[in-house]
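Residue-level listing of the chains:
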Amino acid sequence: MPTDTPTGAEAGIPPRTTGGVPSDTPTELFEEHRPMLLGVAYRMLGRAADAEDVVQEAWLRWTAEDRADVREPRAFLVRITTRLAIDRLRLAHTRRETYVGPWLPEPVVTDFGPAAPDTAERALLADSVSLAVLVVLESLSPLERAVFVLREAFGFPYGEIAAVLDRSEAAVRQLAGRARRHVDEGRPRYDVDPAERRDLTERFLAAAAGGDLGELLALLAPDVRLVGDSGGKSKAPLRIIETASKVGRFLHAVSADAGLYEYRLVELNGAPALVAFAGGRPDTVIQLEARDGRVQTVHIIRNPDKFHGLKDA
C-alpha cells in the first residue's frame, strides 16, 4: 500500500553485494524502493491511483535510463518520482477548482508493520498520512509540499532534497520553514490515542445506527464540523456543516438508512475509520477526529472514485 512506507531507517539498508559488486538487478532495485516511492507520491497527491500512476511512470523511465552513471538508485528514483508528482500536482490543482463540494484525500488502508516497529515512528508515519494533514498540505505550493513530505515524513537531509528539486540548500531550508509553519498553523490539535479514537468511533456508530440523537449530541464537540466529499457523484453535503446541533440533526436524518449497510472498522490513513458496504462494495467512509474525548470533525467520503483500495478492506 502507499503508506506501507519505510522512514529514514530504510536509507541505512546496504545493497546486497557479491565480492563488492552490487548484485541487485534493475527490477530488484526498483522493487526495493517501490514502497517508499508510493509513500512519497501518495503524500504529494492525496490519491492512491495517481500515486501508482506516477510510480509506474518512474519505473518506465528507470528501465529506459542508462544506469551506468547512476551511483545512488534511491536518490535517482526519488528525484524522478518527486518531479513527476509535482507536475501532476500542478494539473490536479487546476482540476480541483471545478470539484463539486469539499475535497478530501483518497483514503488508504494503512499497515505500517515492520516499516515502523517503534511507537514514536508509527505515530510520525500515521500523522504524515492523516486526512487532516493531507488536507492542510493541499494549501501548500507543489515545491513546499515536496520539501515537507521528503523532510518531515521521510527524514531526507536538506542537501538531498536540494538535489531532488534542483534548488540550493538555502532555498530548500526556506521552503521547509514556510511549509512547516503553515502546516503547524493549519494542523488540528486532535487527540491521537488510537484506543480512544476506536472506542469513540464504535460509540458514534452505535448512536448513529440506532438513531439516538441525544447520544449523538453527547459525543459531539460544540464546534464540531462535518466535511462531506462526494465529488457530485453521490449524496453528501456540498458545504461544510458546523455546530453540534446542525451536525447532529444531519446525522440523525440520514441514520434511517443505516440498516442498509454492513459496517467494518478499518485502519485508514493511520487511524480507525468506518467503511460502509452496500452489496459487497464500499459506499461510504467515515472517519472522526477527536479532542478532549469528543468528536471534533466528521469526515465523510462518498465519491466512488476514491474507493480504489477499499474493496478488500
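The model shown is predicted, which means the values in this text are computed figures rather than measured ones. (Residues numbered from 1 in each chain as written. Predicted model: local features only at pLDDT ≥ 70, side-chain atom pairs only at ≥ 80, totals over all residues. Heavy atoms only, no water.)

A. Representation of the overall build of the protein chain within the structure. Looking only at helices and strands, the protein chain features 11 helices and eight strands. Sequence separation of 24 or more characterises 68% of the internal contacts of the protein chain that already satisfy a separation of 6 or more. Total accessible area on the protein chain is roughly 14,800 Å²; 52% of this is exposed by carbon and sulfur atoms. (Helix = DSSP H or I, 4+ residues; strand = E, 2+ residues; numbered from the N terminus. Contact = heavy atoms within 4.5 Å. Areas by Shrake-Rupley, 256 points an atom, 1.4 Å probe, with all protein chains shown as cover.)

B. Fine view of helix 11 (residues 244–254). Within helix 11, burial applies to A244, V247, G248 and L251. Taken around the axis of helix 11, the buried residues stretch over an arc of 100°, which confines them to a single face. Next to the buried residues of helix 11 lie helix 9 (194–209), helix 10 (213–219), strand 3 (220–229), strand 4 (241–242) and strand 8 (294–301). (Buried < 20%, exposed > 50% of the residue type's maximum accessible area, 1.4 Å probe, protein only. Arc of directions from axis to C-beta.)

C. Main features of the packing of aromatic side chains. For the structure shown, the criterion picks out three aromatic pairs. Ring centres of W62 and F76 lie 5.9 Å apart, and the angle between their planes is 50°; on these two criteria the pair is classed as tilted. In this pair, W62 is assigned in helix 2 (residues 48–64) and F76 in helix 3 (residues 73–96), connecting sequence segments 14 residues apart. We classify W62 as buried; its relative accessible area is 1%. Residue classification places F76 among the buried residues on the basis of a relative accessible area of 12%. Sitting above the plane of the Y158 ring, R151 keeps its charged end 4.1 Å from the centroid. (Phe/Tyr/Trp six-rings, centres within 6.5 Å; stacked < 30°, edge-to-face > 60°. Lys NZ or Arg CZ within 6 Å of the ring centre and 35° of its normal.)

D. Expanded view of the packing of helix 1 (residues 26–45) against helix 6 (residues 142–153). Here helix 1 crosses helix 6 at 135°, and the two axes come no closer than 10 Å. Relative to helix 6, the element helix 1 lies oblique. As helix 1 runs across helix 6, the sense of the crossing is right-handed. Contacts between helix 1 and helix 6 pair V40, R43, M44 and L45 from the former with P142, R145, A146, V149, L150 and A153 from the latter. (Axes fitted to C-alpha atoms, helices over the stretch in contact; angles between N-to-C directions. Parallel < 35°, antiparallel > 145°, perpendicular 65-115°, else oblique. Left-handed = near helix turned anticlockwise from the far one by under 90°.)

E. Region of interest: the nonpolar core. Residues M44, L137 and L165 are the most contacted members of the largest nonpolar core, which totals 51 residues. Those residues in contact with L165, other than ones at most four positions away along the chain, are T82, R83, I86, L143, A146 and V147. (Core = buried A, V, L, I, M, F, W, Y, C linked by side-chain atoms within 4.5 Å.)

F. Quick peek at the pattern of salt bridges. Inspection of every chain in the model, using the stated rule, returns 21 salt bridges. Measuring nitrogen to oxygen at the nearest pair gives 2.9 Å for the salt bridge that ties E31 to R34. Taken together, the residues E31 and R34, both in helix 1 and three residues apart, mark about one turn of the helix. On the accessibility criterion, R34 (23% relative accessible area) is partly exposed. We note a salt bridge from R173 to E169, for which the minimum N-O separation is 3.2 Å. Linking R173 with E169, this pair stays in helix 8 (residues 169–186), spanning four residues, or about one helical turn. Judged by its relative accessible area of 44%, R173 falls in the partly exposed class. (Salt bridge = Lys/Arg side-chain N within 4 Å of Asp/Glu carboxyl O.)

G. Structural view of unusual backbone geometry. Positive phi, normally seen in glycine, also occurs at N269, with a value near 50°. Secondary-structure assignment places N269 in the loop between strand 5 (262–268) and strand 6 (271–278).

H. Main features of the sheet that holds strand 8. Here six strands make up an open sheet; going across it, the order is 4-3-8-7-6-5 and the pairing mixed. Bordering the open sheet on either side are strand 4 and strand 5, each of which pairs with just one other strand. Bridge count for strand 5 against strand 6 is seven bridges, and the pairing is antiparallel. From the neighbouring strand, L265 faces strand 6, where its bridge partner is L274. Relative to the sheet, helix 11 contacts strand 3, strand 4 and strand 8, its axis offset from that of strand 3 by approximately 50°. (Pairing = 2+ DSSP bridges.)

I. Broad picture of the pairing of strand 7 (residues 281–291). Buried residues dominate strand 7, accounting for nine of its 11 residues. Bridge count for strand 6 against strand 7 is five bridges, and the pairing is antiparallel. When the bridges of strand 7 are listed, L274 appears paired with I286. The antiparallel hairpin formed by strand 6 and strand 7 contains two residues in its connecting segment, where G279 sits at a positive phi of about 60°. Where strand 7 meets strand 8, seven bridges bridge the pair, whose relative direction is antiparallel. Looking at the pairing, I286 lines up with I300 of strand 8. Taking the residues between adjacent antiparallel strands as the criterion, strand 7 and strand 8 are bridged by two residues, where D292 takes a positive phi near 55°.

These values are about where atoms sit, not about what they do.
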